[in-house]
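Each chain is listed here by its residues.
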Amino acid sequence: MIFLGVGCHSSKEITPTAPEKTVDRDQFVPWNPETPYNISEFRAAWVATVANINWPSKPGLPVEEQQDEAIKLLERLKNHHFNAVILQVRPQADALYESMYEPWSYYLTGIQGEPPKPFYDPLAFWIRAAHERGLELHAWLNPYRAHHTTGGEISEQSIIKTHPELVVKLENGMYWMDPSLKGTQERSLAVVMDIVRRYDIDGIHFDDYFYPYDSYNKGKDFPDTRSWESYRNSEEGMSRGDWRRDHVNRFIKQVYTEIKAIKPHVKFGISPFGIWRPGYPESIQGYDQYEQLYADARLWLQEGWVDYFAPQLYWKISALGQSFPVLLGWWENQNRKQRHLWPGIRLQSRKEGLSTDETVNQIMITRGMLPTSKGSIHWSIGPLVEQDTLADRLIKGPYRKNALVPPSPWLDNVPPQKPLVDIRSVNGSQIISWDHPEDKDVFRWVLYYQYRDKPWQHLIISRSARTYELQHSDNDNLPLQNIGLTAVDRTGNQSAFFKVAVAGN
């Protein structure tokens, strides 16, 4: 994400997870639910903790206030029909959770390495609160940044002190891990897999910080001469740029492979800089991430080393050199494995001038260009909280109805069994009750209902619910005519839809 301006550790499972579904991937059966309409669209927002951009509002905030702020952010997303939150849990080789590898974050407690008092685990808290509100939670990590200029005093627990051989200092005062070093790759992979194993997350997320932006080093080359000379002395063949990209590529592939080996339902997503290279496509101008961040993001998408891909398309529709739809169309043409392509959309702050039309139009363009897997990720949650005009425009417009996270058929294409439904009339209401033969396979329920002579409507209901009450007649005194219920699994598959006619109607 482009930032402008600015104890005793346990390895036990912190949050219980549902058992993995047994999937025979050679026996996939094409499945097309006959639901009344498509309700799938990924709607997420980034919550940045670096420099306390979004949460918590300042370092060292009392625990109760941290939790209150978190709940308010999640309530804002829930009430505006979002279905995912992307929370930054590793902003600078530190942790906003109980880690066995890295110190507690300065941005949380105000002192790097100091746990919150009274103790709680923020990531576990966020996961539980998000799931209670029907939101996925994706843990966002920076794989290589060791220390940010806003990150407070460097503690003895920092990687800068414990493994100085892995770290270099940049001209702007930041510290960066050398991506070419085996120790860097092992450390970052271990951090990722620790989170995957111990927390009930829905995704792991990386942003655009691979090799640092050259402005961080005042235009100078990344200071990796020692590791580069070591490579040249042992073997030759690759240019320095190819050598850097090769290490990042290998790391990305390994992260994806290791996640799937442990928890296949956990999605891996990356939000790279929105331009791969100037001239791709021909009209595009701007920063060259391939040559300057050493991120071959096109390769990762083409090879399917991600489950979702969110290029940061932070430009306007009409921008001639960086047009939002032109770039989105180019990235879609690179999407050979048909992974989810959910672009990052930049929400403008008050200082930049509010443009709700631009945001709504970009969402609608995305829906039209990517109809099989609609979705967007909003940078960041800040404007959604601060600007009622923008939030109201979304909930009254493109986000008027709730949506499910789209399914990921390459992870799991086996839908749950149909729920067992009972309907009874009580005092002018219809009481819908249900059960399921494989309860642990269910992550959500969708209740569809239809009043006479009106279109179908739907409600997305939490996994713990087993009953719901609908009024026998709507505001126009039209009777409830049809009801349907589907079960939804962890990867977004819906059970087959079936319609139940309401007796007497």
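An account of the accompanying structure is given in this report.

Calculation notes
Residue numbers here run from 1 along each chain, matching the order of that chain's written sequence. Residue-level local features of this predicted model are given only where pLDDT is at least 70; pairs of side-chain atoms are given and counted only at 80 or more, and the full residue set underlies all totals for whole chains, interfaces and linings. Note that water and hydrogens are dropped before the side-chain values are worked out from all heavy atoms of the structure. Elements are defined by DSSP. Helices are runs of H or I of four residues or more, strands are runs of E of two residues or more, and each kind is numbered from the N terminus. To get the radius of gyration, use the C-alpha atoms; to get the globule rule, take the number of residues to the power 0.38 and multiply by 2.2 Å. Each residue's exposure class comes from its accessible area (1.4 Å probe, protein chains only) as a fraction of the maximum for that residue type: buried when under 20%, exposed when over 50%, partly exposed otherwise. Computed by Shrake-Rupley with a 1.4 Å probe, the accessible areas treat only the displayed protein chains as cover when residues are assessed. By this definition, two strands are paired if DSSP reports at least two bridges between them. Lines fitted to C-alpha atoms define the axes here, with helix axes fitted over just the stretch in contact, and angles between the N-to-C directions of these axes take values from 0 to 180 degrees. Within this scheme, the nonpolar core is defined by two criteria: the residues are buried Ala, Val, Leu, Ile, Met, Phe, Trp, Tyr or Cys, and they are joined through side-chain atoms within 4.5 Å. A contact between two residues is defined here by any heavy atoms of the two lying within 4.5 Å. In the analysis that follows, any N or O atom pair within 3.5 Å is treated as a polar contact, provided that within protein one partner can donate a hydrogen and the other can accept it, and provided that, for residues neighboring in sequence, both atoms belong to side chains.

1. With respect to the overall build of the protein chain
Working step 1: Each helix and strand in the protein chain was counted, giving 13 helices and 19 strands.
Working step 2: Taking 505 residues into account, the globule formula puts the C-alpha radius of gyration at 23 Å, and the protein chain, at 24 Å, falls close to it.
Working step 3: C-alpha extents for the protein chain along the principal axes are approximately 85 × 55 × 50 Å.
Working step 4: Out of the 505 residues in the protein chain, the part that is buried amounts to 57%.
Working step 5: Per element, the accessible surface of the protein chain, about 20900 Å² overall, is 48% carbon and sulfur.

2. What about the sheet that holds strand β5 (residues 167-169)?
Working step 1: Sheet architecture is open: 3 strands sit in the order β4-β6-β5, paired in antiparallel fashion. Each of the sheet's edge strands pairs with one partner strand only, and the pair in question is β4 (145-147) and β5. The average undirected angle you get between the axes of adjacent strands in this sheet is 35 degrees.
Working step 2: By the bridge criterion, 3 bridges tie β5 to strand β6 (residues 175-177) in an arrangement that is antiparallel. Its bridge partner lying in β6, valine 168 is registered against tryptophan 176.

3. Description of the nonpolar core
Working step 1: Core analysis: the biggest nonpolar cluster contains 91 residues, and Trp126, Ile204 and Phe206 have the highest contact counts within it.
Working step 2: In terms of residues, this core owes the most to one element, helix α3 (residues 122-132), which gives 7 residues.
Working step 3: With residues near it in sequence (within four places) discarded, phenylalanine 206 still touches Leu141, Pro143, Val192, Phe251, Ile252, Val255, Phe268, Gly269, Ile270 and Ser271.
Working step 4: Counting 15 residues, the second largest nonpolar core, distinct from the first, contains Trp445, Leu447, Tyr449 and Leu480.

4. Points about the environment of tyrosine 290
Working step 1: Tracing the backbone shows tyrosine 290 in helix α8 (residues 289-292).
Working step 2: In this structure tyrosine 290 comes out as buried when scored by relative accessible area, which is 16%.
Working step 3: In sequence terms tyrosine 290 and arginine 43 are 247 residues apart; their C-alpha atoms lie 28 Å from each other.
Working step 4: With residues near it in sequence (within four places) discarded, tyrosine 290 still touches Asp242, Arg245, Trp276, Arg277, Ala295 and Asp296.

5. As for the environment of glutamine 112
Working step 1: With respect to the element layout, glutamine 112 can be found in the loop between α2 (106-109) and α3.
Working step 2: Classification of glutamine 112 by relative accessible area gives buried; the value is 6%.
Working step 3: Distance from glutamine 112 to serine 155, taken between C-alpha atoms, is 5.9 Å for residues 43 residues apart in sequence.
Working step 4: Apart from residues lying up to four places away in sequence, glutamine 112 is in contact with Gln92, Asp94, Pro103, Trp104, Tyr106, His147, Glu153, Ile154, Ser155, Gln157 and Ser158.
Working step 5: For glutamine 112, the side chain forms a polar contact with the side chain of serine 155, separated by 3.0 Å.

6. A look at the pairing of strand β18 (residues 480-488)
Working step 1: Within β18, 8 of the 9 residues are buried, leaving the element largely enclosed by the surrounding structure.
Working step 2: Two elements, strand β15 (residues 444-451) and β18, share 8 bridges in a ladder whose sense is antiparallel. Bridge pairing in β18 places valine 446 opposite threonine 486.
Working step 3: Pairing of β18 with strand β19 (residues 499-501) involves 3 bridges; the strand directions are antiparallel. Bridging from a neighbouring strand, asparagine 482 pairs with alanine 501 of β19.

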